[in-house]
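Here is how the chains run, residue by residue.
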Amino acid sequence: MLTLTENAQTVITGIVENASVASTGGLRISQDLGGSSLDVAVAAAPQDDDQVVEAAGAKVFLDPSAAVVLDDKVLDASAADDGRVDFTVGQQG
């Protein structure tokens, strides 16, 4: 299952809070239709078939395809002063 670094937890929580979604909200990761990349968006709640990863209050919803791709990965994040967020996916150690 995907794990979140402390940095990712902090960044995700901030993004979701700034988006003013309900407490059920989180960051949703889905595989694009071509299967070549992952899309990230704020979601008010997981979809019925999403896998939910929660750590320290940060919630990530993975569509079934993204859940397979990210199953053994670690999600890290960093935020720049200009508000830009970079996500990095690495192997679990």
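Position labels on residues start from 1 in each chain and follow its written sequence. Whole-chain, interface and lining totals are the exception, using all residues; otherwise, since this is a predicted model, local features are given only for residues with pLDDT of at least 70 and side-chain atom pairs are given and counted only at 80 or more. Calculated side-chain values reflect all of the structure's heavy atoms, with hydrogen atoms and water omitted.

Asker: Explain the pattern of salt bridges to me, and be specific about the residues and the numbers.
Answerer: The working definition used for a salt bridge is a side-chain nitrogen of Lys or Arg within 4 Å of a carboxyl oxygen of Asp or Glu. Enumeration according to the criterion identifies three salt bridges in this entry. Across the salt bridge formed by Asp 50 and Arg 28, the nearest N and O atoms sit 2.7 Å from each other. With Asp 50 in the loop between strand E3 (38-43) and strand E4 (51-55) and Arg 28 in strand E2 (residues 26-31), this pair connects stretches of sequence that are 22 residues apart. Judged on exposure class, the residue Asp 50 and its partner Arg 28 are both buried. Here Arg 84 and Asp 86 are joined by a salt bridge, their closest N and O atoms 3.2 Å apart. Exposed residues in this analysis have more than 50% of their type's maximum accessible area, buried residues have under 20%, and partly exposed residues fall in between, with area computed by a 1.4 Å probe over protein chains only. In this structure Arg 84 comes out as partly exposed when scored by relative accessible area, which is 46%. Under the relative-accessibility criterion, Asp 86 is labelled partly exposed at 34%. Segments assigned H or I by DSSP are reported as helices when at least four residues long, segments assigned E as strands when at least two residues long, and all are numbered from the N terminus.

Asker: Provide a residue-level description of the pairing of E3, including the pertinent values.
Answerer: Think of it this way: DSSP has to see at least two bridges between two strands before they count as a pair. Judged from the six bridges that link them, E2 and E3 form a sheet pairing that is antiparallel. What sits directly across from Gly 26, in E3, is Ala 43. Here E2 folds back onto E3, and the loop between the two strands holds six residues, one of which, Gly 35, carries a positive phi near 75°.

Asker: Just give me the short version of the environment of Ala 67, but keep the residues and values in it.
Answerer: In this structure, Ala 67 sits in helix H2 (residues 64-69). Counting along the chain gives 14 residues from Ala 67 to Val 53, while the straight-line C-alpha distance between them is 9.8 Å. Dropping the residues within four chain positions of it, Ala 67 is found in contact with Gln 51 and Leu 62. Residue contacts follow a heavy-atom distance rule, with two residues in contact if any of their heavy atoms lie within 4.5 Å.

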